Amino acid sequence: MRVLVVEDDENIAAALAAHLERAGHAVDRTPTIAGAWRALQAEAYDVVLLDLGLADGDGSVLLRRVREAPVGRLPDPAMPVLIMTARDEVAARIEVLDQGADDYVTKPFDPDELAARMRVARRRMAGRAQTVLRHGDLEIDPATRTVMKAGRPVELSAREFSILLALVDARPRVLSRAQIEAKLYNFDSALESNAIEVHVHRLRRKLGEGMVRTVRGVGYYVPAEPSP
Ligand code: CA
C-alpha cells in the first residue's frame, strides 16, 4: 500500500514509517497539513494516517478537505483516513469519526494493530468483507502476506506480493506501470525503469503465464475470470 503519515512528532513518524516499510508498504511522511495536502494532490494513497495536533492546525481540517474534495481528481474523497489520537481525546475522536474518519488508534499504539486496521480500511475501499482474496485456485492473504496456489504455498518477494495484491484488488481494471510503482515506492526511492516488468515476469513464472496480462503501452491487469 502507498501510505501517507501526517505526524509532527518526528520519533513517532520515523518509527511508524520504518515498521510499515518493513511490512512492504511505501510510506511518505509530512509534519504539516499543508505538506499533506500537496502530497495528496500528487499521489493516489491507499490510506492516510493522520495525527490531530499538527504544527499548522488541527488534523480534522485536512480530513474535512479530503471528504469535501471533488470526485474524479486527487485526492479521492473516499480515501481511507485513520486518526492517531491521545488517550484523553475522546471528544475529538467522536468528532472526527462523525467528520468521516474511518477509524482511530490511541497513542501509544501497537503498530501491528494499526496495520490490521489499515487492512480493514482497504477492504472497505474494495467493497468486500472477506479477508482472503481468491482468484481461481489462488488464495491471497493480506494479513499474513502469504499466497497459496492449489493449496500449496508460493514464495513471493515483498514487491511481487504487493504487485499481485494491487492487481487482484483492482481486477479486471488495468493498472498503469506508474500506478503500480506508486504503491511500491515512496517519493524518495530511486527506481530502475524496468523494475515492474522484472517483478511481473517473476510472478508469471511462479503463478502461470496467464495470471497477469499486459496491455502494451498501458499497463497490466488480472482478468475477471481466471484462465483455466
Ligand atoms: Ca502532534
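Computed from a predicted model, the values in this text were never measured in an experiment. (Residues numbered from 1 in each chain as written. Predicted model: local features only at pLDDT ≥ 70, side-chain atom pairs only at ≥ 80, totals over all residues. Heavy atoms only, no water.)

**Details of the overall build of the chain**
Thought 1: Helix and strand counts for the chain come out as eight helices and 14 strands.
Thought 2: What you see for the chain is a C-alpha radius of gyration of 18 Å, in line with the 17 Å of a compact globule of 228 residues.
Thought 3: A principal-axis box enclosing the C-alpha atoms of the chain has dimensions of 55 × 35 × 30 Å.
Thought 4: Within the chain, buried positions represent 46% of all 228 residues.
Thought 5: Sequence-distant contacts, at least 24 apart, represent 59% of the contacts inside the chain between residues at least 6 apart.
Thought 6: In the structure as shown, the chain presents an accessible area of about 11,500 Å², 51% of it carried by carbon and sulfur atoms. (Helix = DSSP H or I, 4+ residues; strand = E, 2+ residues; numbered from the N terminus. Rg over C-alpha atoms; globule rule 2.2 N^0.38 Å. Buried < 20%, exposed > 50% of the residue type's maximum accessible area, 1.4 Å probe, protein only. Contact = heavy atoms within 4.5 Å. Areas by Shrake-Rupley, 256 points an atom, 1.4 Å probe, with all protein chains shown as cover.)

**As for helix α6 (residues 158–170)**
Thought 1: The end-to-end C-alpha distance of α6 is 18 Å, a good match for the 18 Å that 13 residues give at a rise of 1.5 Å each.
Thought 2: Across the 13 residues of α6, 10 count as buried, placing the element largely inside the fold.
Thought 3: Of all the positions in α6, only Glu160, Phe161, Ser162, Ile163, Leu164, Leu165, Ala166, Leu167, Val168 and Ala170 are classed as buried. (Expected span 1.5 Å × (residues − 1).)

**Notes on the domain arrangement of the chain**
Thought 1: Entries for the chain in the domain assignment read domain 1 (2–126) and domain 2 (133–221).
Thought 2: When each unit is reduced to the centre of its C-alpha atoms, the spacing between domain 1 and domain 2 is 25 Å.
Thought 3: Between domain 1 and domain 2, the residue contacts involve 15 residues of the former and 13 residues of the latter.
Thought 4: Counting the surface domain 1 buries against domain 2, the share from its top three residues, Arg2, Arg119 and Arg122, is 41%.
Thought 5: Across the domain 1-domain 2 interface, the total number found is two salt bridges.
Thought 6: Between Asp46 and Lys183 there is a salt bridge, with the nearest N and O atoms lying 2.7 Å from each other.
Thought 7: Linking domain 1 to domain 2 there are seven residue pairs in polar contact (both at pLDDT 80 or more).
Thought 8: Elements with a contribution of two residues or more to the side of domain 1 that touches domain 2: β2 (26–30), α2 (33–42) and α5 (111–126).
Thought 9: When the residues that make up the side of domain 1 that touches domain 2 are grouped by side-chain class, the tally is seven nonpolar, one polar and seven charged. (Domains from an automatic or database assignment. Buried area = accessible area lost by both parts, 1.4 Å probe. Salt bridge = Lys/Arg side-chain N within 4 Å of Asp/Glu carboxyl O. Polar contact = N/O pair within 3.5 Å; in protein donor to acceptor, adjacent residues only side chain to side chain. Nonpolar A, V, L, I, M, F, W, Y, C, P; charged D, E, K, R; others polar.)

**Quick notes on the packing of α6 against helix α7 (residues 177–184)**
Thought 1: At a closest axis distance of 10 Å, the pairing of α6 and α7 adopts a crossing angle of 125°. Taken together, α6 and α7 sit at an angle that is classed as oblique. Regarding α6 and α7, the two cross each other, and that crossing is right-handed. Between α6, through Arg159, Ser162, Ile163, Ala166 and Leu167, and α7, the contact on the second element is made entirely by Ile180, Lys183 and Leu184.
Thought 2: Residues belonging to the contact of α6 with α7 are distributed by class as follows: five nonpolar, one polar and two charged. (Axes fitted to C-alpha atoms, helices over the stretch in contact; angles between N-to-C directions. Parallel < 35°, antiparallel > 145°, perpendicular 65-115°, else oblique. Left-handed = near helix turned anticlockwise from the far one by under 90°.)

**A word on the coordination of the calcium ion**
Ideal geometry at a metal centre gives angles of 109.5 degrees when four donors are arranged tetrahedrally and 90 or 180 degrees when six donors are arranged octahedrally.
Thought 1: Around the calcium ion, the donor atoms from the protein are Asp8 (OD), Asp51 (OD) and Gly53 (O), and they sit 2.2 to 2.4 Å away.
Thought 2: Each donor residue of the calcium ion lies on one chain, and together they are spaced D-x42-D-x1-G. Of this pair, Asp8 sits in the loop between β1 (2–6) and α1 (10–22) while Asp51 is found in strand β3 (residues 47–51), placing the two residues 43 residues apart along the sequence.
Thought 3: Given the relative accessible area of 35%, Asp8 is considered partly exposed. (Donors = N, O, S within 2.8 Å, 3.2 Å for Na, K, Ca; no water.)

**As for unusual backbone geometry**
Thought 1: Looking along the chain, the bond that leaves Leu74 and enters Pro75 is cis, with omega of -5°.
Thought 2: Mapping Pro75 onto the fold places it in the loop between α3 (59–67) and β6 (81–86).
Thought 3: Between Arg171 and the following residue, Pro172, the backbone shows a cis peptide bond with an omega angle of 0°.
Thought 4: Mapping Pro172 onto the fold places it in the loop between α6 and β12 (175–176).
Thought 5: Of note in the backbone geometry, Arg145 takes a positive phi value of approximately 55° without being a glycine.
Thought 6: Secondary-structure assignment places Arg145 in the loop between β9 (138–141) and β10 (146–149).
Thought 7: Owing to a relative accessible area of 26%, Arg145 belongs among the partly exposed residues under this scheme.
Thought 8: Located in the positive-phi region is Ala150, a residue other than glycine, with phi close to 50°.
Thought 9: Its location among the elements puts Ala150 in the loop between β10 and β11 (152–154).
Thought 10: Given a relative accessible area of 57%, Ala150 falls into the exposed group.

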